[in-house]
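Here are the chains, one letter per residue:
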Amino acid sequence: MLLTRGFRRAAVPRLARRDMCGAAARRTTASGLVAVAGGGASFHDYDAAITACVERRALKQGRQVHAHMVTARYRPPVYLATRLVIMYARCCALDDARNVLDGMPERNVVSWTAMISGYSQSGRHVEALQLFIRMLRAGCKPNEFTFATVLTSCSGSQSIHQVKQVHSLVAKTNFESHMFVGSSLLDMYAKAGNIQEARRVFDMLPERDTVSCTAIISGYAQLGLDDEALDLFRQLYSAGMQCNYVTFTTLLTSLSGLASLDYGKQVHGLILRKELPFFVVLQNSLIDMYSKCGKLLYSRRVFDHMPQRSAISWNAMLMGYGRHGIGHEVVQLFRTMTEEVKPDSVTLLAVLSGCSHGGLVDEGLDIFDLIVKEQNAVLSIGHYGCVIDLLGRSGRLQKALDLIQDMPFEPTPAIWGSLLGACRVHVNVSVGEVVAQKLLDMEPGNAGNYVILSNIYAAAGMWKDVFRVRNLMLEKTVTKEPGQSWIILDKVIHTFRSSDRLHPRKKDIDAKIKEIYVDIKAAGFVPDLSCVLHDVDDEQKERMLLGHSEKLAVTFGLMNTPPGLTIRVMKNLRICVDCHNFAKFVSKVYGREISLRDKNRFHLLTDGACTCGDYW
């Protein structure tokens, strides 16, 4: 039977009617097509049937309609053959769609574009591009939909080269300023990392819709250019840009990178005022943004008020707690989650990481064993990294080293780096030297590995080895990535770099930090000179340590925020031991809570103690 009776009535009601009084009454044949007395199905009959199959993605019935054409020796015109291509492509039967296209004696731009779109949407990008080239050679001129579709197939290592080639053809055919094509062009340039060209295309568009505006903001956000994404959003919104949930989701990603709580709250308020329908992905972005801005209470409020949650929602909340070192909340939330949603591999990663950051070593290892045994989880190198971190935290360094050597993955620098950090905490020279050698072989230009090895030797009193490591850095001309910290006050981002000389209040900051230094030294603070790798005297080392960017940011926050308000600082690298101790003593001596987010995690410092337990 070609179409079921219910399908036919719902999809093609016109064909099921009878003219009770007319001499040319239509009747429904057993095959499901409407046949005219004395003849076969007409163009309109086939068109209606194929359209119904397209709308309902009914592949089986669509093949029956096609078979009926073949049996009836009906040669479909270009329009109907193209509809068959669209039907097969929409139902993911791409080989059938291609057979129809190849068998067409004539093809138009819609026929070619339908097949190219099918390949592109199914991830078969190479075939999409090859068919586009064949279309050009056949003399068919592409339209705006063809270009927009082809651009989405430019992927892989050659993506930027492919985009430029298509772009040149777009320019020659005067489609560059077309809304669909321009949006696809700027989106692909952004994804390929060429944000300058993406912006040029965007600026050329005579009109901009929500899609094109969201695409360029997303381009900046994906490249970590969060300041630029925020500035552009403000400009476009002031100019009347209409936003949808994708726009806000993209913007929240940038605000997460900036840890800009004030702007995040404003965007949340804007979302509520616009009364957007509930979108899980948007709520998930709010959870992530608030947690990265240091406001877990707000994250939990969003989470608790969600009418429905995906595994991603739970994972975002778990990661938020773990990022702040609140391990007991991670474990409790995980147990609640297992009653509602099936955990996935990301969940396991979030739980293990949360237990590690929260110091819950045994709980983390128990959960790992439970999930692996009962749920047959697929383990990745990230899971092994968390277990190694857990073992390192508990001082079981040799066991961690054995696990690295026995795991079914090739250890990455991050894995070795985690163990080297544990060796620093527990002052284990023997394992530390083995791990450091692996890292120096893999990343000879990474200054951080030299610094940590030097710190291990310094903590063990092995000063000859400290100088040997420092000389090795000089020989290899290894330099550290410049440290950078920032603090947001009154919606203004104040950025500080090591030994910053550019801030307009430099003199005031220098005077205040010297005052702080005297106060915290009186309370017992001792500078950790091993954090300085330069061969200079101790007094000069202390001066160099005072110039670290996070100290400058904390000092500026202390100068410009009222008592009782949390000082929130962000840093691009892992915080050094000396700056961590500095922040602890400032929180104790001045009675201020300090939230410091570095590359790895959040440090919440209160009354001389940190949530990280001095392990990060």
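Refer to the structure presented above.
Throughout what follows, the structure given in this document is the object of discussion. Model, not experiment: these values are computed from the prediction.

Before going further, it helps to spend a moment on the sheet that holds strand S7 (residues 602-606). Taken together, six strands build an open sheet; the order of strands is S4-S3-S5-S6-S7-S8 and the sheet is mixed. Among the strands making up the open sheet, the edge pair consists of strand S4 (492-497) and strand S8 (609-610). Taken together, the four bridges between strand S5 (residues 567-571) and strand S6 (residues 594-597) define a ladder with parallel strand orientation. Note on S6: the bridge partner recorded for Arg 568 is Ser 595. Contacts between helix H15 (residues 245-258) and the sheet are confined to strand S3 (484-489), S4, S5 and S6, with S3 contributing the most and set at about 115° to the helix. The sheet contacts of helix H31 (residues 549-560) involve S3, S4, S5 and S6, and relative to S3 the element is tilted by about 15°.

What follows concerns the packing of helix H4 (residues 59-71) against helix H5 (residues 78-90). Between H4 and H5, the shortest axis-to-axis distance is 10 Å and the interhelical angle comes to 155°. On the basis of their axis angle, the class for H4 and H5 is roughly antiparallel. Handedness of the crossing formed by H4 with H5: left-handed. Residues Leu 59, Gly 62, Arg 63, His 66 and Met 69 of H4 form the contact with H5, whose participating residues are Leu 80, Leu 84, Met 87 and Tyr 88. When the residues that make up the contact of H4 with H5 are grouped by side-chain class, the tally is six nonpolar, two polar and one charged.

A few words now on the environment of Phe 496. Relative to the helices and strands, Phe 496 is located in strand S4. Along the sequence, Phe 496 and Phe 467 sit 29 residues apart, while their C-alpha atoms lie 30 Å from each other. Setting aside its immediate chain neighbours within four residues, Phe 496 contacts Gly 483, Gln 484, Ser 485, Ile 487, His 503, Ile 509, Ser 549, Leu 552, Ala 553 and Phe 556.

Before going further, it helps to examine the nonpolar core. Judged by nonpolar contacts, the single largest core of 146 residues is most densely connected at Ile 216 and Leu 419. When residues of this core are assigned to their parent elements, the largest contribution, eight residues, is made by H5. Apart from the residues lying within four places of it in its own chain, the contact partners of Ile 216 are Leu 186, Ile 195, Ala 198, Arg 199, Phe 202 and Leu 232. Listed in part, the 31 residues of the second largest apolar core include Phe 525, Phe 556, Cys 576 and Ile 594.

What counts, and at which threshold
Residues numbered from 1 in each chain as written. Predicted model: local features only at pLDDT ≥ 70, side-chain atom pairs only at ≥ 80, totals over all residues. Heavy atoms only, no water. Pairing = 2+ DSSP bridges. Helix = DSSP H or I, 4+ residues; strand = E, 2+ residues; numbered from the N terminus. Contact = heavy atoms within 4.5 Å. Axes fitted to C-alpha atoms, helices over the stretch in contact; angles between N-to-C directions. Parallel < 35°, antiparallel > 145°, perpendicular 65-115°, else oblique. Left-handed = near helix turned anticlockwise from the far one by under 90°. Nonpolar A, V, L, I, M, F, W, Y, C, P; charged D, E, K, R; others polar. Core = buried A, V, L, I, M, F, W, Y, C linked by side-chain atoms within 4.5 Å. Buried < 20%, exposed > 50% of the residue type's maximum accessible area, 1.4 Å probe, protein only.

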